[in-house]
Amino acid sequence: MLSRVGYALRETWQGFQRNWTLTAASVLTAAVSLLLAGVSFFIQKAFDQVLEQWSNNVQFVVFMQPDATDDQVAAVRSTLEDQQASGIVREAPYTDKTASYEEFRRLFATNPTVRDTLTEEEMPTQFKVAPASEDSVVINNLIGQFRGRPGVLDVRSPAEYVKVISKLSGFIRWVTTALWIVLLGTAVGLIWNTIRTAMFARRREIEVMKLVGATNWFIRIPFMLEGLIQGLIGSAIASASLVGLNVIWTGRIRSVTAGLSNVKDLALVHFIVGSGYVGSIVVRLIVLGALAGAAGAGIAASRFLDV
Amino acid sequence: MIRLENVTKIYDGDVTALRDASFDIPKGEFIFLVGPSGSGKSTILRLLNRQYKPERGDVWVAGKNINRMREGDVPRLRRQIGNIFQDYKLLLNKTVFENVAYALEVIGQPRHVIRQQVPQVLDLVGLAGKEDRFPNQLSGGEQQRVSVARAFVNRPLILLADEPTGNLDPATGEGIMKLLEAINKTGTTIVMATHDQVIVNSMRKRVVQLDRGVIVRDQTRGVYE
């Protein structure tokens, strides 16, 4: 048994040495396709997190006119309080001129042209309303109750942005998934070709092996192992690259958001994918790489044994 | 040991390589298959180690109908059969020792068996001391001896030899025949396809003659023609 394992490993290693250019091509294609698969999973997760954050907290903002009277503000507030009491609205904190102005300046901190267009006096105050329901009909109905009321400047809902983002994420998901599947198919094809070439180069040996009574599996296993390892090396390269990219990505986001106080509310932060999830992507990549390698080599090894 | 019952082998649907061939080879016999090129000698050898399956008839080897054998059992059949070829079929990147050891290695024999058996058989074929040579460093006769050693190291029941002296000068060929005779004396059945009249005539073994796929003569202690 030990001698068989030793034999298989020795043959596999020799296969790599014999055929390193083709092997490198297979491994790199596998690595690129798997990296793309990883990035695709990664982007999906990031978008999912952002969308989840937003839809968990679907809110609309009732902007009051800068010159709204105290009575007008009080009327809107009392409506909202009634709705809170009846459970339609979860919360509706009011942001006064000073706070709104600070938030505005913070959001446009990097864009002084916009930042300096408004003074504190000109700032609309706002109620940030978090409805209890996520149903868009209910929410639109609520929005309708505030739009056009005296003193109300406008009612804005992020629903439309959510729609755009989820459309965008769907598109990116589709494109990246299609790309990595095609590339992984290419990798399987290249591994298949590498193994086929290796078997053809050794057809004499295979003929002798068959004639002295080696089983097909005995002949196949080193070749299949070779393909499997090509796939695994590909997934190792892809995993390392993905982990590296994640470190850079996370670092960038943190440095951009570092100066901002209410970091939690910023959508950008939700684009950070936790290292635990990256770990689970790595596991998926390894499995995919192993499957691709085994598939390519397996097809080659079962088809080309009759040399 | 070997029995062909009305065996017909057709290649590519229209070339009949063997037609309705029948014969019996008892254990320990030495038999020559003679006839011109394309008469069906090699076809019979390939039917015996199940490189081919016949279109009609049955091939029995060591008590088993090998046409009905499952693919998975073929390796076990082949471990009972040694093969020798005109072109030796040695692996050029392996030494003499490795070439012979290979036959044991690929059927999963443990290392201590290999270390014991290979020198023994190399000694038997007269290659002691040349274990570390590569095939290219050997004469044709020596290469054929390596091939005989590889075929015999597993102590097969049957040895199939396809023109084993075809590439050798007469004196060297005679040496190989002496070796095969010695192996035959250990009880191994030998089936040898050959063109070599001198060898067949001098050995006086059973001769099966083929002509265009038909057995035209089956003679004990026969001669070539």
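Keep in mind that what you see is a predicted model, and the values were worked out from it rather than measured. (Residues numbered from 1 in each chain as written. Chains lettered and ligands numbered in written order. Predicted model: local features only at pLDDT ≥ 70, side-chain atom pairs only at ≥ 80, totals over all residues. Heavy atoms only, no water.)

Turning our eyes to something else, we now look at the interface of chain A and chain B. Across the contact, 16 residues belong to chain A and 24 residues belong to chain B. For the chain A and chain B pair, buried surface summed over both sides reaches about 1800 Å², with 53% attributable to carbon and sulfur atoms. When residues of chain A are sorted by the area they lose upon contact with chain B, Arg 204, Leu 211 and Val 212 of chain A head the list and together hold 33% of the total. Taken together, the connections running from chain A to chain B amount to 2 salt bridges. The salt bridge partner of Glu 207 of chain A is Lys 89 of chain B, with a shortest N-O separation of 3.4 Å. Residue assignment for the side of chain A that touches chain B shows that the elements contributing at least two residues are helix 1 (2-18) and helix 8 (203-211) of chain A. For the side of chain A that touches chain B, the element with the most residues is helix 8 of chain A, which contributes 7 residues. (Contact = heavy atoms within 4.5 Å. Buried area = accessible area lost by both parts, 1.4 Å probe. Salt bridge = Lys/Arg side-chain N within 4 Å of Asp/Glu carboxyl O. Helix = DSSP H or I, 4+ residues; strand = E, 2+ residues; numbered from the N terminus.)

Residues and elements named next belong to chain B. If you trace the 4 strands from one edge of the open sheet to the other, you get 2-1-4-5, paired in antiparallel fashion. If you trace the sheet from one side to the other, it starts and ends with strand 2 (15-25) and strand 5 (64-65), each paired once. As paired strands, strand 1 (residues 2-11) and strand 4 (residues 56-61) are joined by 5 bridges and run antiparallel to one another. Along strand 4, the bridge assignment pairs Arg 3 with Trp 60. Here helix 1 (residues 41-48) sits on the sheet and contacts strand 1, strand 2 and strand 4; the angle it forms with strand 1, its principal contact strand, is near 115 degrees. (Pairing = 2+ DSSP bridges. Axes fitted to C-alpha atoms, helices over the stretch in contact; angles between N-to-C directions.)

Moving on: the pattern of salt bridges. Considering all chains together, one arrives at 18 salt bridges over all chains under this definition. One salt bridge in this structure joins Glu 174 of chain B and Lys 178 of chain B, with 3.5 Å as the shortest N-O distance. In this pair, Glu 174 of chain B and Lys 178 of chain B are both assigned in helix 6 (residues 170-185), 4 residues apart and thus about one turn of the helix distant. Relative accessible area serves as the criterion here: at 47%, Glu 174 of chain B is assigned to the partly exposed category. A network of salt bridges, in which partner residues are shared, links Glu 11, Arg 202 and Glu 205 of chain A. (Buried < 20%, exposed > 50% of the residue type's maximum accessible area, 1.4 Å probe, protein only.)

Take the UniProt feature "transmembrane region" (unreviewed entry) in chain A next. Within this structure's numbering, the places UniProt gives as "transmembrane region" (unreviewed entry) are residues 20-43, 171-192, 227-248 and 268-301 of chain A. Counting secondary structure, residues 227-248 of chain A comes out at 100% helix and 0% strand; the distance between its end C-alpha atoms is 32 Å. (UniProt positions renumbered as here; feature names shortened; annotations may be inferred.)

What follows covers the packing of aromatic side chains. Inspection of every chain in the model, using the stated rule, returns 4 aromatic pairs over all chains. Ring centres of Phe 41 of chain A and Trp 180 of chain A lie 5.8 Å apart, and the angle between their planes is 65 degrees; this geometry places the pair in the edge-to-face category. One end of the pair, Phe 41 of chain A, is in helix 2 (residues 20-56); the other, Trp 180 of chain A, is in helix 7 (residues 159-201), with 139 residues separating them in the sequence. The exposure class assigned to Phe 41 of chain A is buried, which follows from its relative accessible area of 11%. Overall, Trp 180 of chain A belongs to the buried group, its relative accessible area being 11%. With a centroid separation of 5.4 Å and an interplanar angle of 75 degrees, the aromatic rings of Tyr 11 of chain B and Tyr 52 of chain B are classed as edge-to-face. In this pair, Tyr 11 of chain B sits in strand 1 while Tyr 52 of chain B sits in the loop between helix 1 and strand 4, placing the two residues 41 residues apart along the sequence. Note on Tyr 52 of chain B: relative accessible area 23%, which makes it partly exposed. A cation over a ring is seen here: Arg 220 of chain A above Trp 217 of chain A, with NZ or CZ 4.8 Å from the ring centre. (Phe/Tyr/Trp six-rings, centres within 6.5 Å; stacked < 30°, edge-to-face > 60°. Lys NZ or Arg CZ within 6 Å of the ring centre and 35° of its normal.)

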